[in-house]
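# Observations on the model geometry
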Amino acid sequence: MKIIKLKSPAKLNLYLKVVGKRHDGFHELKTIFERIDLADTLRFTEMVNGKINIQCIHPQVPLGPKNLVYKVADLLRRDFGISQGVTIQIDKNIPVAAGLAGGSSNAAITLMGLNQLWRLGLGQKELVEYAKKIGSDVPFFLYDCSWALGTGRGDIISPMKIETKLWHVLVVPKMRMLTPKVYGAMNLKLTKFGDDVNILTRYLGQNDVVKIGSLLRNDLEGPISFLKPSLLKIKRKIEALNAVGTAFSGSGPSIFSVIESRKAAVEIYKQLKRQYRQVFIVKTL
């Protein structure tokens, strides 16, 4: 019985600009992805019964066709005429529906895992094409990079050769944010047209933590705050601590701060842990 075990990391968006609405109904984005060391673990076990079996004890993770992992397995089985089944065990550490792309990461790692398990022989370009069919954030996790620029729906990935490793304190309030609702609440007329992505990229390359923190941007902060006003209050509380910058990741509700050192991150973590259940110290992976 062949078993493959792989890590499935989360991401943060240090920069997320909504450029406009696309003809396909999605939004045109420009975003900087950061891979972080908060990760799930996926185990793939080949089965002879021909079934796709998803196992996860997290109550908010679906075990059937609504799970992106299931969709990947089902798509590959049909496209390649695979007779074997698979059991995929998901050990969740990444909060669900939190703007950290845990589900998208799981889907990408499933593409990689089943490519090995079922010996499909797919190269990265082919895997990326499958990833785009599953979700906008999925392709990023197929690239072995800490940083990348995402354009299009966020699915066109340009890896960035940046060695900077940042420390963050991450707070995930106990509420779910549905991405379609957040984008649905977006008013593009209120979006700022300034583009600081090149400036932020330069400071990332220079490891200038203070400048990086000052240039964090997320155009979804407006709709997130409109849908859940309490999240903006939490963000302001975090901003009052000794961090160099604070922002929402993706469509929220996760809020992260850029911290100058691990020592400073530990101090901030201690303060926030008294108020919130889901607080993490994370680093660029």
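Residues numbered from 1 in each chain as written. Predicted model: local features only at pLDDT ≥ 70, side-chain atom pairs only at ≥ 80, totals over all residues. Heavy atoms only, no water.

## Describing the nonpolar core
Where we set the bar: What is meant by a nonpolar core is a set of buried Ala, Val, Leu, Ile, Met, Phe, Trp, Tyr and Cys residues, joined one to another through side-chain atoms within 4.5 Å. Three exposure classes are used, based on accessible area relative to the maximum for each residue type with a 1.4 Å probe and protein chains only: buried under 20%, partly exposed in between, and exposed over 50%. Runs of E in the DSSP output that reach at least two residues are strands. Runs of H or I that reach at least four are helices, and both are numbered from the N terminus. Between two residues, a contact is recorded if the distance between any of their heavy atoms is within 4.5 Å.
Among the nonpolar cores identified, the biggest contains 42 residues, and Phe44, Leu76, Val86, Ile88, Leu111, Leu114 and Trp118 are the most heavily contacted of them. The set of elements that each furnish at least two residues to this core consists of β1 (3-21), β2 (27-47), β3 (52-55), α1 (68-80), β4 (85-91), α2 (102-117) and α3 (124-134). In terms of residue count, the dominant contributor to this core is α2 (6 residues). Ignoring sequence-local partners within four residues, the contact set of leucine 76 consists of Gly81, Ile82, Leu111, Leu114, Trp118, Leu120, Leu122 and Tyr130. Membership of the second largest hydrophobic core comes to 29 residues, among which are Ile162, Leu204, Ala247 and Val258.

## Considerations on α3
The test is simple: In this description, the arc belongs to the directions extending from the helix axis to the C-beta atoms.
Buried within α3 are the following residues: Leu127, Val128, Tyr130, Ala131 and Ile134. On an axial view of α3, the arc spanned by its buried residues comes to 165°, and they lie on one face. Facing away from the buried side of α3, by more than 90 degrees, are the exposed residues Lys125 and Lys133. Looking at the buried residues of α3, the elements they touch are α1 and α2.

## Things to note about unusual backbone geometry
That bond from glycine 252 to proline 253 is cis: its omega, 5°, falls within 30 degrees of zero. Its location among the elements puts proline 253 in the loop between β9 (245-248) and β10 (255-259). Of note, the phi angle at arginine 119 is positive, near 50°, even though the residue is not glycine. Considering the arrangement of structural elements, one finds arginine 119 in the loop between α2 and α3. With phi around 55°, asparagine 207 is a residue other than glycine that occupies positive phi space. Within the element layout of this structure, asparagine 207 appears in the loop between α5 (197-206) and α6 (209-214). Residue classification places asparagine 207 among the partly exposed residues on the basis of a relative accessible area of 43%.

## Considering the packing of α1 against α2
The condition is simple: Note on geometry: axes are C-alpha line fits, over the in-contact stretch for helices, and angles between N-to-C directions span 0 to 180 degrees. In these notes the angle categories are as follows: under 35 degrees is roughly parallel, over 145 is roughly antiparallel, 65 to 115 is roughly perpendicular, and the rest is oblique. Left-handed is the label given to a crossing in which the near helix is rotated counterclockwise from the far helix by less than a right angle, and right-handed is the label when the rotation is clockwise. Residue classes follow a fixed rule: Ala, Val, Leu, Ile, Met, Phe, Trp, Tyr, Cys and Pro count as nonpolar, while Asp, Glu, Lys and Arg count as charged, and any other residue, Gly among them, counts as polar.
The N-to-C vectors of α1 and α2 enclose an angle of 30°; their axes lie 8 Å apart at closest approach. Our classification of the angle between α1 and α2 gives roughly parallel. The two elements α1 and α2 cross, and the hand of that crossing is right-handed. The residues of α2 that touch α1, namely those facing Leu68, Val69, Val72, Ala73 and Leu76, are Gly103, Ser104, Asn106, Ala107, Thr110, Leu111 and Leu114. Residue composition of the contact of α1 with α2, grouped by class: 8 nonpolar, 4 polar and no charged.

Read these as geometric descriptors, not functional statements.
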